[in-house]
Amino acid sequence: MKSVGVLISGRGSNLQALLDAQDAPGAYRIVRVISNVEGALGLERARAAGIDALTIPHQGKPREAFERELDAALQGCDLVALAGFMRVLSPWFVTAWSGRVLNIHPSLLPSFPGRDTHERALAAGVKLHGCTVHVVTEALDAGPIIGQAAIPVLRDDTPELLAARLLDAEHLLYPRALAAFAKGEAALLEKPLLSAWT
Ligand code: GAR
């Protein structure tokens, strides 16, 4: 059983999905939740589940100092799961936690890394959109892919509608991908473990 620290910045619906799934035969256990944003809803979700939750603000300090605080607070965790954590991690942090940090990204990588993925998917006219769980490396949203889930883009979609439908797919994908990774069933650079129509 791997212990997991989850980093969030906001609502925490993916955190909730990870929490809800962790009772299923023990691949991972969330032991700590850290937000860089004070008052993030995800902190309440963590506390409601009886999990240690704290805020480490990033403002007003050099990135290295922020990340050293994160690193210290994560000691004892085997893995780190980014769940709507909206800070780019530096090479120092990624090296310190090399191969042990996962992220969920709201696009079918390698399409649409970065922000505003739903707007950009609609503007590009893609017919399939989706989400990706990948290992975090120094290159933004470009680490080895563990799993993906795809949804169709509908004619009347707006970024908001697409984001909301995709969130359901994210909630299915992330717990499965994290559990597989924690069990060592998602070796780096293997073919994607999951691909789902939802
Ligand atoms: C999710 O859609 C997640 O994929 C995205 O932020 C949202 C967080 O929602 N993450 C990123 O854009 C990371 N670059 P949540 O707080 O409800 O889980």
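Residues numbered from 1 in each chain as written. Predicted model: local features only at pLDDT ≥ 70, side-chain atom pairs only at ≥ 80, totals over all residues. Heavy atoms only, no water.

K.L.:
Could you give an account of the overall build of the protein chain, naming the residues involved and the relevant values?
P.N.:
Broken down by element type, the protein chain carries six helices and eight strands. For 198 residues, the compact-globule formula gives about 16 Å, and the C-alpha radius of gyration of the protein chain, at 16 Å, lands near that figure. Counting only C-alpha atoms and orienting by the principal axes, one finds that the protein chain spans roughly 45 × 40 × 35 Å. Within the protein chain, the 21 negative side-chain charges are centred at a point lying 2 Å from the centre of the 19 positive side-chain charges. (Helix = DSSP H or I, 4+ residues; strand = E, 2+ residues; numbered from the N terminus. Rg over C-alpha atoms; globule rule 2.2 N^0.38 Å. Lys, Arg positive; Asp, Glu negative; His and termini not counted. Charge placed at Lys NZ, Arg CZ, Asp CG, Glu CD.)

K.L.:
Please provide a residue-by-residue account of the site of the ligand, values included.
P.N.:
Around the ligand, the neighbouring residues are R11, G12, S13, N14, G84, M86, I104, P106, L167 and E170. The separation between an oxygen atom of the ligand and a polar side-chain atom of R11 is 2.6 Å. Backbone polar atom of N14 to an oxygen atom of the ligand: 2.9 Å apart, as the coordinates give it. Residues that form the shell around the ligand fall into these classes: four nonpolar, four polar and two charged. (Near = heavy atom within 4 Å. Polar contact = N/O pair within 3.5 Å; in protein donor to acceptor, adjacent residues only side chain to side chain. Nonpolar A, V, L, I, M, F, W, Y, C, P; charged D, E, K, R; others polar.)

K.L.:
Please provide a residue-by-residue account of the pairing of strand β3 (residues 52-55), values included.
P.N.:
Here strand β2 (residues 28-35) pairs with β3 via four bridges, running parallel. Looking at the pairing, V33 lines up with A53 of β3. Note that the unit made of β2, helix α2 (residues 41-48) and β3 has a crossover that is right-handed. (Pairing = 2+ DSSP bridges. Right-handed = clockwise from strand over helix to strand, strands pointing away.)

K.L.:
Tell me what's going on with helix α1 (residues 13-21), and back it up with residues and numbers.
P.N.:
Along α1, the residues that are buried comprise S13, N14, L15, A17, L18 and L19. In this structure, the buried side of α1 is in contact with β1 (2-8), β2, α2, β4 (79-82), β5 (101-105) and α6 (159-182). (Buried < 20%, exposed > 50% of the residue type's maximum accessible area, 1.4 Å probe, protein only. Contact = heavy atoms within 4.5 Å.)

K.L.:
Go over the nonpolar core with me, naming the residues and quoting the values.
P.N.:
Residues V6, Y28, I30 and V33 are the most contacted members of the largest nonpolar core, which totals 39 residues. With sequence-adjacent residues up to four places away left out, V6 is seen in contact with L15, L18, I30, R32, V33, I34, A81 and A83. Ranked by size, the runner-up nonpolar core spans 17 residues in total, among them L7, L70, C77 and W97. (Core = buried A, V, L, I, M, F, W, Y, C linked by side-chain atoms within 4.5 Å.)

K.L.:
So what about the environment of G76? Which residues, and what values?
P.N.:
Relative to the helices and strands, G76 resides in the loop between α3 (63-73) and β4. Distance in space between the C-alpha atoms of G76 and R32 is 9.7 Å, their sequence separation being 44 residues.

K.L.:
Before we move on, can you summarise the packing of helix α5 (residues 117-124) against α6 with the specific residues and values?
P.N.:
α6 packs onto α5 with a crossing angle of 115° between their chain directions and a minimal axis gap of 9 Å. By the angle between their directions, the pair α5 and α6 is classed as roughly perpendicular. Our pair here, α5 against α6, has a crossing hand that is right-handed. Packed against α5, whose contacting residues are H118, E119 and L122, the element α6 presents P159, L162, A163 and L166 at the interface. Split into classes, the residues belonging to the contact of α5 with α6 amount to five nonpolar, one polar and one charged. (Axes fitted to C-alpha atoms, helices over the stretch in contact; angles between N-to-C directions. Parallel < 35°, antiparallel > 145°, perpendicular 65-115°, else oblique. Left-handed = near helix turned anticlockwise from the far one by under 90°.)

K.L.:
Can you tell me about the side chain of T117, naming the residues and giving the values?
P.N.:
Residue position: T117 is located in helix α5. In this structure the side chain of T117 is engaged in a polar contact, spanning 2.8 Å, whose partner is the backbone oxygen of P106. Contacts of T117, omitting those with residues within four sequence positions, involve H105, P106, S107, F112 and H129.

K.L.:
Tell me about the packing of aromatic side chains, and please be specific about residues and values.
P.N.:
Within this structure, the stated rule accounts for two aromatic pairs. Ring centres of W92 and F93 lie 6.4 Å apart, and the angle between their planes is 65°; on these two criteria the pair is classed as edge-to-face. Classification of F93 by relative accessible area gives buried; the value is 0%. For the ring pair F93 and W97, a centre distance of 6.2 Å and an interplane angle of 20° mean the geometry is stacked. Judged on exposure class, the residue F93 and its partner W97 are both buried. Cluster of aromatic residues (ring-pair linked, three or more members): W92, F93 and W97. (Phe/Tyr/Trp six-rings, centres within 6.5 Å; stacked < 30°, edge-to-face > 60°.)

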